[in-house]
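Residue-level structural notes
Chain by chain, the residues:
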Amino acid sequence: MPIPASRRLADAPRGRRLFTATLRRRRVDSWREGGEAREIGRLRARRLDAAWSRGLVITLGTGLIALGVNLFQVPFRIVDGGVSGVGVLLLHTLGVPVSVTVVALNLPILALGLRAHGYRFIARTFLGIVTLAGWVQLTSGLPSPTRDPLLAALYAGLLSGLGSGLVLRAGGSTGGSDTLARSLQRWFPWPVGSTLLWTDIAVIGSAGLLFGAERALYGALSLFVGTRVIDFLLEGARSAIAAWIVTDQAEPVARAVLEKLERGVTRMEVEGAYTGRSHALLLVVVAREEVGELRRLVRQLDPRAFMALGEVSEVLGEGFRAGLP
């Protein structure tokens, strides 16, 4: 049956309105999808820039460590513990290059720490090991700027501490006894601090037996200086760092700390005195080596978050023992 002309005229405006509304909705949806795609692209670009920045800092840090090894440790037989100290021992006793020792000892440690630390940390640690070995090889044979073993011990510790501190601030590592101690803690109830202490005592003691007690004392002095410099760079000192985080993204921040750092989080509800707005306050206690990673997590998930860091002289509880993280 044919539709009357009057009916067609009455329905025409309604059809145009429906068509216009549908077209507008599609344009809005397309604009939203485009905005989300642009935001994802910007986020990926920021992450890529951050990864490159961390890689450059790790490379710079390992270069400083290598200079300390070849300018001061190798010429004066100063052994300050760790894998580099073992490398100096093997160089002067068996003729094995320090770079070879760095790679040979760290690769098994890297494999052992894969489950304990995760792929991202292991990738940055692998970069630290490779660049350290490369820098040690490139700078080998450089003449020492001093003939005083005391100055050599002090500057070896200074360069080692500066380099290690930069690497740790970038969320990386050069492997060695620190990574080994934290990996073993997953299977054995050994405090990390005690494991590191006994490892350094064994390495420096071996240097004392091979090179004499005086060289062992220089090595201990270098280790002390390097440790204090690292503490200064990481804004921590004796045991741990407490972080107070005021954020409006409490759930994702807390979940990231629990899953990626494996640290406990205490949540409290607080109110801003000036704005009167409610916020979440997260209390987290981390080891000084984890401060850089905590900063990155908070900045990534809530750039507007307020975070205050403070030194904790002693921490007792799960994940910490006898004041040592």
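The structure presented is a predicted model; accordingly, all values stated were derived computationally and were not measured.

With that settled, the discussion passes to the overall build of the protein chain. A tally of helices and strands in the protein chain yields 11 helices and four strands. Expressed as a percentage of the 325 residues in the protein chain, the buried residues total 41%. Counting only contacts in the protein chain whose residues sit at least 6 apart along the sequence, the fraction spanning at least 24 positions is 73%. Element-wise, carbon and sulfur atoms account for 62% of the exposed surface of the protein chain, whose accessible area totals about 18,800 Å².

All right, on to the pattern of salt bridges then. Evaluation of the coordinates by the stated rule reveals six salt bridges. Between Arg124 and Glu293 there is a salt bridge whose closest N-O contact spans 3.4 Å. Remark: Glu293 occurs in helix 11 (residues 291-301) and Arg124 occurs in helix 5 (residues 119-139); sequence separation between them is 169 residues. Here Arg267 ties to Glu251 by a salt bridge, and the two come within 2.8 Å at their closest N and O atoms. Here the residue Arg267 occupies a position in strand 2 (residues 266-271), and Glu251 occupies one in helix 10 (residues 250-261), the gap between them amounting to 16 residues. Residues joined by salt bridges that share partners form a network here, namely Arg124, Glu293 and Arg296.

Turning our eyes to something else, we now look at the packing of helix 6 (residues 149-169) against helix 9 (residues 213-233). Remark: helix 6 packs on helix 9, axes separated minimally by 7 Å, with the N-to-C direction vectors making an angle of 35°. Remark: the crossing between helix 6 and helix 9 carries right-handed chirality. Classifying every residue of the contact of helix 6 with helix 9 gives 15 nonpolar, six polar and two charged.

Taken together, Leu150, Leu151, Leu154, Tyr155 and Leu158 make up a surface patch of nonpolar side chains, about 390 Å² in accessible area. Within the fold, Leu154 resides in helix 6. Looking at Leu154, the relative accessible area reads 31%, which means it is partly exposed.

Another aspect to go through is the sheet that holds strand 1 (residues 240-247). The sheet built from four strands is open, its strands ordered 2-3-1-4 with antiparallel pairing. Single-partner strands in this sheet number two, and they are strand 2 and strand 4 (306-312). Strand-to-strand, the axes of this sheet are offset by a mean angle of 25°, without reference to chain direction. In this structure, strand 2 lies alongside strand 3 (residues 278-287), joined through six bridges in antiparallel fashion. Residue pairing across strands places Thr266 opposite Leu283, the latter belonging to strand 3. The strands that helix 11 touches are strand 1, strand 3 and strand 4; relative to strand 4, the one it contacts most, it runs at about 165°.

Across its 15 residues, helix 3 (residues 98-112) extends 22 Å between first and last C-alpha, which sits within 8% of the 21 Å expected from 1.5 Å per residue. Along helix 3, the helix axis deviates most sharply at Asn106, where the bend reaches about 30°; the proline Pro108 sits within four residues downstream. Looking only at helix 3, the buried set comprises Val98, Ser99, Thr101, Val102, Asn106, Ile109 and Leu110.

Our next topic: the confidence of the model for the protein chain. Low-pLDDT portions of the prediction should not be read for the details of their coordinates. In the predicted model, the protein chain carries a mean pLDDT of 81, and 76% of its residues have values of at least 70. Per-residue pLDDT stays below 50 along residues 5-12; that stretch engages in one contact with residues further than four places along the chain or on separate chains. Between residues 321-325, whose pLDDT stays under 50, and residues either more than four places distant or in other chains, the model counts 18 contacts.

Under the counting rule described, the total for this entry stands at one aromatic pair. For the pair Phe72 and Tyr155, a centre-to-centre distance of 6.0 Å together with 25° between the ring planes defines the contact as stacked. Highlighted residues: Phe72 in helix 1 (residues 5-76) and Tyr155 in helix 6, separated in sequence by 83 residues.

Quick look at the packing of helix 10 against helix 11 now. Describing two packed helices takes the angle between their axes plus the distance from one axis to the other. Orientation of helix 10 relative to helix 11, taken along the N-to-C sense of each, is 150°, at an axis distance of 10 Å. Remark: the crossing between helix 10 and helix 11 carries right-handed chirality. Counted together, Pro252, Val253, Ala256, Val257, Lys260 and Leu261 of helix 10 and Glu293, Leu294, Leu297, Val298 and Leu301 of helix 11 form the full contact between these two elements. A per-class count over the contact of helix 10 with helix 11 returns nine nonpolar, no polar and two charged.

Let us look at the pairing of strand 3. Walk down a regular strand and you will see the side chains alternate between the two sheet faces. Across the 10 residues that make up strand 3, a large majority, seven, are buried. What sits between strand 2 and strand 3 in their antiparallel hairpin is a turn of six residues, with Gly276 showing a positive phi close to 75°.

With 21 residues, helix 5 should reach 30 Å at 1.5 Å per residue; the first-to-last C-alpha distance of 30 Å fits that figure. Along helix 5, the positions that sit buried rather than exposed are Ile122, Arg124, Thr125, Gly128, Ile129, Thr131, Leu132, Ala133, Val136 and Thr139. At the C-terminal side of helix 5, Gly141 shows a positive phi close to 90°.

A separate point is the nonpolar core. Within the largest apolar cluster, 19 residues are counted, with the highest numbers of intra-cluster contacts made by Val79, Leu89, Val98, Val102 and Leu132. Mapped by element, the contributors of at least two residues to this core are helix 1, helix 2 (82-93), helix 3, helix 5 and helix 8 (192-211). When residues no more than four places from it in sequence are discounted, the contact partners of Leu89 are Val79, Val203, Ser206, Ala207, Leu210 and Phe211.

About the thresholds
- Residues numbered from 1 in each chain as written.
- Predicted model: local features only at pLDDT ≥ 70, side-chain atom pairs only at ≥ 80, totals over all residues.
- Heavy atoms only, no water.
- Helix = DSSP H or I, 4+ residues; strand = E, 2+ residues; numbered from the N terminus.
- Buried < 20%, exposed > 50% of the residue type's maximum accessible area, 1.4 Å probe, protein only.
- Contact = heavy atoms within 4.5 Å.
- Areas by Shrake-Rupley, 256 points an atom, 1.4 Å probe, with all protein chains shown as cover.
- Salt bridge = Lys/Arg side-chain N within 4 Å of Asp/Glu carboxyl O.
- Axes fitted to C-alpha atoms, helices over the stretch in contact; angles between N-to-C directions.
- Left-handed = near helix turned anticlockwise from the far one by under 90°.
- Nonpolar A, V, L, I, M, F, W, Y, C, P; charged D, E, K, R; others polar.
- Patch = residues over 30% accessible without salt bridge, like charges linked within 9 Å, V, L, I, M, F, W, Y side chains within 5 Å.
- Pairing = 2+ DSSP bridges.
- Expected span 1.5 Å × (residues − 1).
- Bend = angle between axes of the 7 residues up to and from the residue.
- pLDDT = per-residue confidence, 0-100.
- Phe/Tyr/Trp six-rings, centres within 6.5 Å; stacked < 30°, edge-to-face > 60°.
- Core = buried A, V, L, I, M, F, W, Y, C linked by side-chain atoms within 4.5 Å.

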